[in-house]
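# Results of the structural survey
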Amino acid sequence: MNMKKKLSIFTALAVFQAFAVGSVSAQTAPQSDTVSVNTTNVESVEVLKEEQPIAEREVKKESTEATPKTDIEKPAVDGEETTANETDPKPVVQEGASEEVETPATPAQVEQPSIDGKSAAGSGGNLTLYMNSNKMEQDGNTYLAGQPMTVKNGVSYVAIRALVDRVGYGVKYDNKTKETIIISGDQELRFTTNSTVYTVNGETRTMKGPAYQQKNTFMVPLTSITQALNITYKVNQPAKTVVLNLNTKPVASFTISQKEIFAGDKVDYVTSYSSPNGLDILDERWTGRQESFDQAGTYTISYQAQDSNGQWSDPYSITIEVMSPNLPPVAMFATDKEQYKMGEKITYTDQSTDDEDNIDKTVWENNSLAFFEPGPKTVTLTVTDNHGATNTYSKVITITNETLYSFTDFNLLFTPVGQKFTFNGGEVTTMEKVPYTYMDEPSLLIRSNSPETVNTEGIVYKESSSGQTRFMIHHVNNTGKRVKMYVIATNNNPNPAVFEQQNMGFAGPTPYATVAGKLSIDKWFKSIQTGADQKKEYLQPGESKLILTELNKTPMKEGQVISLYSDAYSDYSLDYNVILVEENKDPFESLPLLPVLDRDGVHNRGTYPNATRNITYDQQVGTKPARLPLGDNASDPNLVGTDPMAYIDASNAGNFGVLYKITLTNVAPRTLISFNPRGGKYSGVALVNNQLVSIAEGNVAVTNSSEQSVLYRTGSFGESVTILFSAAPGSNLPVNLLFTPLPSEK
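One structure accompanies this document, and this report is about it. (Residues numbered from 1 in each chain as written. Predicted model: local features only at pLDDT ≥ 70, side-chain atom pairs only at ≥ 80, totals over all residues. Heavy atoms only, no water.)

Time to look at the packing of aromatic side chains. Counted by the stated rule, this structure contains 25 aromatic pairs. Between Phe675 and Tyr682, the ring centres sit 4.9 Å apart and the planes meet at 45 degrees, which makes this aromatic pair tilted. Residues Phe675 and Tyr682 agree in their burial class; the two are buried. Aromatic side chains Tyr682 and Phe725 sit 6.2 Å apart centroid to centroid with 35 degrees between the ring planes, which places their arrangement in the tilted category. Linking Tyr682 in the loop between strand E46 (671-677) and strand E47 (684-688) with Phe725 in strand E50 (residues 719-725), this pair joins segments that are 43 residues apart in sequence. According to the relative accessible area criterion, Tyr682 is buried, its value standing at 0%. Residue Phe725 is classed as buried on the basis of its relative accessible area of 2%. (Phe/Tyr/Trp six-rings, centres within 6.5 Å; stacked < 30°, edge-to-face > 60°. Buried < 20%, exposed > 50% of the residue type's maximum accessible area, 1.4 Å probe, protein only. Helix = DSSP H or I, 4+ residues; strand = E, 2+ residues; numbered from the N terminus.)

Right under this line is the structure:
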């Protein structure tokens, strides 16, 4: 055999052995007996550009071992470990060639060939690297890298090929730029031998140490990979391991847009997908999905998505309850008769039904308690269930030419409590006034209501008070910004102080002033009844705290109104500041910088003593028409106080914020007590014999002096009646309580 032929045989054998060595890095090693891949010296092979034939001159003579020994004192991770005493590998030179023809190895192809630019492995489980070893563990399998995890100059290096194989990223080598490239989804990392610089999607970054080659294995700092690809890891020094969290599975989920699903209805599925590697979705699969379900019952639906690397997400499942098809409600009502006289009371009985017994809305049309014109009258009822299905029923009743009650007498007798009726309001001024007297209780009213419409940040009220104090706060936001209102209490005493909130009525923010005013009084009276809103705040000397914090829970948008009523007590004098600032500003930091806002010249503000007015009347009322005026500044004089910010006297027009405790000890039998506004539209509540009564029900207001709202009717015997009343912000004063004898029933 001639020398040339003999050299070719050895060359082929060396190439075969070298590729076998490179492939070992991706092969599973036996669990029980993991050993170094190379136990004998083999000829090293340099892989050149793809499709370039391997010639005999490419066989290298340098021997290599898969697990070289290094003199490493202590393993660690980038910058935290001691410096390794490691010598750089010698340049690889082909046998019989000069250094000028030396060609560096292509790092991405030395350890394991790639398939279409992607690594041939990668299972997605956590990857455990062993310090100073080429051993790697993943999903219960042990693998061997081309070189051990190594510490060099305080930086931990890993064999890039073996790492990306296990991670499941793409890897290739660019012969033109001499760069090793890692591809993860839409991210591309490029490394160069002997350089501390690498790029991520073209952006230059710096590593803690340069990349280098060691016996045809390309080594890079571990953290350059983990940071660039957002891989988290944990170091276990006792076990000498680094565990990489390689959750590369895509995540898939879905929702069903319908809150309730009925048999036969189309189901709307909304899918969601994400990939830790930024990969696109390639495929998806469902289990149990149906576009509609024919039968009621319980169904489990599962969804998975596959990324462009071929990995499937874990199944995501939802169990749904498909209900029987919703049946619309059935509207139905009955009347106690089919034919009525004019002015005769009609009793309506709602007999509507729903298959789920869940009627959400009932709307009547023309269901008057009585009619005062003869002829047929059509009454209609429409009901809506909780699914939005509706049904309507109409009935015709007949009104004869006979009269049972006049319009006035009927309303006096039968208009329900909390509802209103019209009458001749001009008669009220001719009624006799109840000649009551009153006694005031010591309670200091702080009325913050001017400027009612606030155009800029600032202090809308400031005052000091001790003992019994009532807060009335009513304002509109006109700043053009989202704002909050606060009440700050400051203890400037040398002793600790206690602020005790006794009740709370707060409403808003809302665009409607009358709604906010009525609801704040409603909640205030309920709080007085239940005592549910009591709380205490303790303030040390010099300390400031937020109080009445219901006020600042929700920001006010432009044009919105807030309204607050609250009684409180403090054992020492506290300084109070009511402020309005932008929603994100700190109220304590803002307070020293805020201006005191001027009053608007229309609405009232002031501090008023004796804000609880007790009216007790022992003489009989109700035997003849009579009225009890409130807020008129005559029978009921305005409270007189001061505006502490303008340094002027103030008069509480309308006596807003005053709590009236009215006791009528002798109300005649068969007496109607009603509410009649005299200053304009009014919407509020009263507490009558400890029962909350609307003026008037729902969002209805008594709009003028020719309307009255029913508060109470006495029965066949005389009674004592107690009424708690306070004027609702946003409404108009004065008002009258009317006492009218009831006509005889027929």
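Quick look at the sheet that holds strand E45 (residues 659-667) now. Taking strand neighbours across the sheet as the criterion, the six strands line up as E30-E41-E45-E50-E47-E48 in an open arrangement whose pairing is mixed. Looking at the sheet topology across the chains shown, the edges are occupied by strand E30 (438-441) and strand E48 (691-695). Strand-to-strand twist across the sheet, computed as the mean angle between neighbouring axes with direction ignored, equals 20 degrees. Relative to E50, E45 runs antiparallel, the two sharing six bridges. Along E50, the bridge assignment pairs Tyr660 with Phe725. Sheet strands touched by helix H6 (residues 513-530): E45, E47, E48 and E50. Its angle to E47, the strand with the most contacts, is close to 25 degrees. (Pairing = 2+ DSSP bridges. Axes fitted to C-alpha atoms, helices over the stretch in contact; angles between N-to-C directions. Contact = heavy atoms within 4.5 Å.)

All right, on to H6 then. Over its 18 residues, H6 extends 26 Å from the first C-alpha to the last, a length consistent with the 26 Å expected when each residue adds 1.5 Å. For H6, the complete set of buried residues consists of Thr514, Ala516, Gly517, Lys518, Ser520, Ile521, Asp522, Trp524, Phe525 and Ser527. Of the residues trailing H6, Gly531 is marked for its positive phi of about 70 degrees. (Expected span 1.5 Å × (residues − 1).)

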